[in-house]
Amino acid sequence: MKGLLYYNRGDLRFSEEVPEPKVVNDNDVKIKVAYCGICGTDLHEYLEGPIFFPKAGKKDKISGFELPLCPGHEMSGVVVEVGDKVTHVKKGDHVVIEATSHCSDKARYKETMKQGLPFCSACKAGKPNICKDLNFLGLGTGSGGFGQYVVYGSDHVLKLPEFVPLDTAALVEPISVAWHAVEQANFKPGQTALVIGGGPIGLASILALKGHKASRIVCSEPALMRRQFAERLGAEVFNPMEHKDTVGDLKALVPETEGFDAAFDCSGIPITFQTSIDALGHGGIAVNVAIWADKPIQYNPMSLTYQEKLATGSMGYVVKDFAEVIEAIANGLIPLESVRVLITGKVSAQDTVEKGFNELINHKESNVKILVTPNGEQL
Ligand SMILES: [Zn+2]
Ligand SMILES: [Zn+2]
């Protein structure tokens, strides 16, 4: 089939001979990919990887597959074939894929199934998103959405309501990342939230907070174009470069609670991490959504202690997050028009490196999400 193959850092090639995945298990679902978003993680794999992808000569922990592999994990598409035991979706259904892979997925790949590996403690506890071997379809586990077809277990496949167009549906994945983070903040309707950073995940966080009925959403972001995107989604915006006392001025926006109920660091630099804690009211929860380089930073532990604040992190998503995002789109809490604002481009598989990856790397602020169309444009 046609698609992209990731060989190594800086080496992503279009090919007409990408191996087409096949239905081999009785719970497999084969999907013709409509749209697949290019994620920051894909850019990291291209510029600095392999990170999730196995290193040259190594095998993926879940699937046992080796490079080259087809990337792409933010997919929507149409079911074309199902295994014998699949009942909740059928041929012709429009679907999205929850792309994590974890202990329960090892059984899908014969080689690791023979090893009879036990589930890890996180998977046993019903938290497969923090599985010790966590990976994603399209980042090492199986062939991803930058190819014409994907095959994955039916437990990862969610049916879409008919009125949701397939291009907009490709955004369910990044919004689910943000949805999980909002759940990690134990967020209640009517609470106030600070989103630090207006990149793709910061903007998705604004939508996830709307879905949780936040009373105030403030997005702090220095870049004008990103603030404009945040405003179009309905957030109040704050330019930290225009304030001497950033924390004091942020807290002054929510005088009732003397700080926000929850804060989401979607930037991932030391100052934003500290601000995400300092701008909270007492008992507030700061969630790190950003992916950091693997090295420590300094912060002040007493900034948590004095007001019994919490700092936590959010990793990926679970199927429930996808289901709740689809429901929030269906009931209008997350308006379709707002989701559509995040789509800033569509490219063919052939043009993905030049007009997708390079465009996102070189014109960061004017882009949010570029969708790849491995089977050509379809609506
Ligand atoms: Zn992603
Ligand atoms: Zn596990």
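Under the heading Sequence similarities (unreviewed entry), UniProt records this for the protein: "Belongs to the zinc-containing alcohol dehydrogenase family." The Cofactor (unreviewed entry) comment attached to the protein in UniProt states, word for word, "Zn(2+)".

Right, let's talk about helix H6 (residues 172-184) for a bit. With 13 residues, H6 ought to run about 18 Å at 1.5 Å a step, and its terminal C-alpha atoms sit 18 Å apart, in line with that. Burial analysis of H6 places 11 of its 13 residues in the buried class, the great majority of the element. Of all the positions in H6, only Val172, Glu173, Pro174, Ile175, Ser176, Val177, Ala178, Trp179, His180, Ala181 and Val182 are classed as buried. Of the residues flanking the end of H6, it is Asn186, one or two places downstream, whose phi is positive at about 55°.

For the rest of this paragraph, the subject is unusual backbone geometry. Note that the residue after Gly49, namely Pro50, is joined by a cis bond; omega there is 0°. You can see Pro50 is positioned in the loop between helix H1 (40-48) and strand S4 (74-82). Residue Pro68 is reached from Leu67 by a cis peptide bond, and omega for that bond is 5°. Inspection of the secondary structure assignment puts Pro68 in the loop between H1 and S4.

This brings us to the coordination of the zinc ion (ligand 2). The protein atoms that coordinate the zinc ion (ligand 2) are Cys103 (SG), Cys120 (SG), Cys123 (SG) and Cys131 (SG), at distances spanning 2.3 to 2.4 Å. The site at the zinc ion (ligand 2) holds 4 donor atoms, and with the angles between them running 105 to 114°, its shape is tetrahedral. Between consecutive donors of the zinc ion (ligand 2), the numbers of intervening residues give the motif C-x16-C-x2-C-x7-C. Placement of the pair is Cys103 in helix H2 (residues 103-106) and Cys120 in the loop between helix H3 (110-115) and helix H4 (121-124), with a sequence separation of 17 residues. Accessibility classification places Cys103 together with Cys120 in one group, the buried group.

Coordination of the zinc ion (ligand 1) by the protein involves Cys39 (SG) and His73 (NE2), with metal-donor separations of 2.1 to 2.3 Å. In this pair, Cys39 sits in the loop between strand S3 (28-37) and H1 while His73 sits in the loop between H1 and S4, placing the two residues 34 residues apart along the sequence. The same class applies to Cys39 as to His73, namely buried.

On to the sheet that holds strand S10 (residues 192-196), then. Taken together, 6 strands build an open sheet; the order of strands is S12-S11-S10-S13-S14-S15 and the sheet is parallel. Where the open sheet ends on each side, the last strands, each with one partner, are strand S12 (236-238) and strand S15 (310-313). For this sheet the average axis-to-axis angle between neighbouring strands, irrespective of direction, equals 20°. Across the face of the sheet, helix H7 (residues 200-211) comes into contact with S10, strand S11 (216-220) and strand S13 (260-265) while running at roughly 170° to S10. Contacts from helix H10 (residues 270-278) reach S10, S13, strand S14 (280-288) and S15, with the element oriented near 145° to S14.

Here the focus is the environment of Val29. By the element assignment, Val29 lies in strand S3. By relative accessible area, Val29 is classed as buried at 0%. In the structure, Val29 is positioned 75 residues away from Ser104 in sequence and 16 Å away in space, judged by C-alpha atoms. With near-sequence residues (within four places) excluded, Val29 lies in contact with Val79, Glu81, Val82, Val86, Val89, Val150, Val151, Tyr152, Ser154 and Val157.

The next subject is the packing of H6 against H7. Two numbers describe how H6 lies on H7: the axes approach to 8 Å, and their chain directions differ by 60°. By the angle class used here, H6 and H7 are oblique. In terms of crossing hand, the pair formed by H6 and H7 is right-handed. Listed contacts from H7 to Pro174, Ile175, Val177, Ala178, Trp179 and Val182 of H6 are Ile201, Ala204, Ser205, Leu207, Ala208, Leu209 and Gly211. By residue class, the composition of the contact of H6 with H7 is 11 nonpolar, 2 polar and no charged.

Rules used throughout
- Residues numbered from 1 in each chain as written.
- Chains lettered and ligands numbered in written order.
- Predicted model: local features only at pLDDT ≥ 70, side-chain atom pairs only at ≥ 80, totals over all residues.
- Heavy atoms only, no water.
- UniProt positions renumbered as here; feature names shortened; annotations may be inferred.
- Helix = DSSP H or I, 4+ residues; strand = E, 2+ residues; numbered from the N terminus.
- Expected span 1.5 Å × (residues − 1).
- Buried < 20%, exposed > 50% of the residue type's maximum accessible area, 1.4 Å probe, protein only.
- Donors = N, O, S within 2.8 Å, 3.2 Å for Na, K, Ca; no water.
- Tetrahedral: all angles 85-135°; square planar, octahedral: opposite > 155°, others 65-115°.
- Pairing = 2+ DSSP bridges.
- Axes fitted to C-alpha atoms, helices over the stretch in contact; angles between N-to-C directions.
- Contact = heavy atoms within 4.5 Å.
- Parallel < 35°, antiparallel > 145°, perpendicular 65-115°, else oblique.
- Left-handed = near helix turned anticlockwise from the far one by under 90°.
- Nonpolar A, V, L, I, M, F, W, Y, C, P; charged D, E, K, R; others polar.

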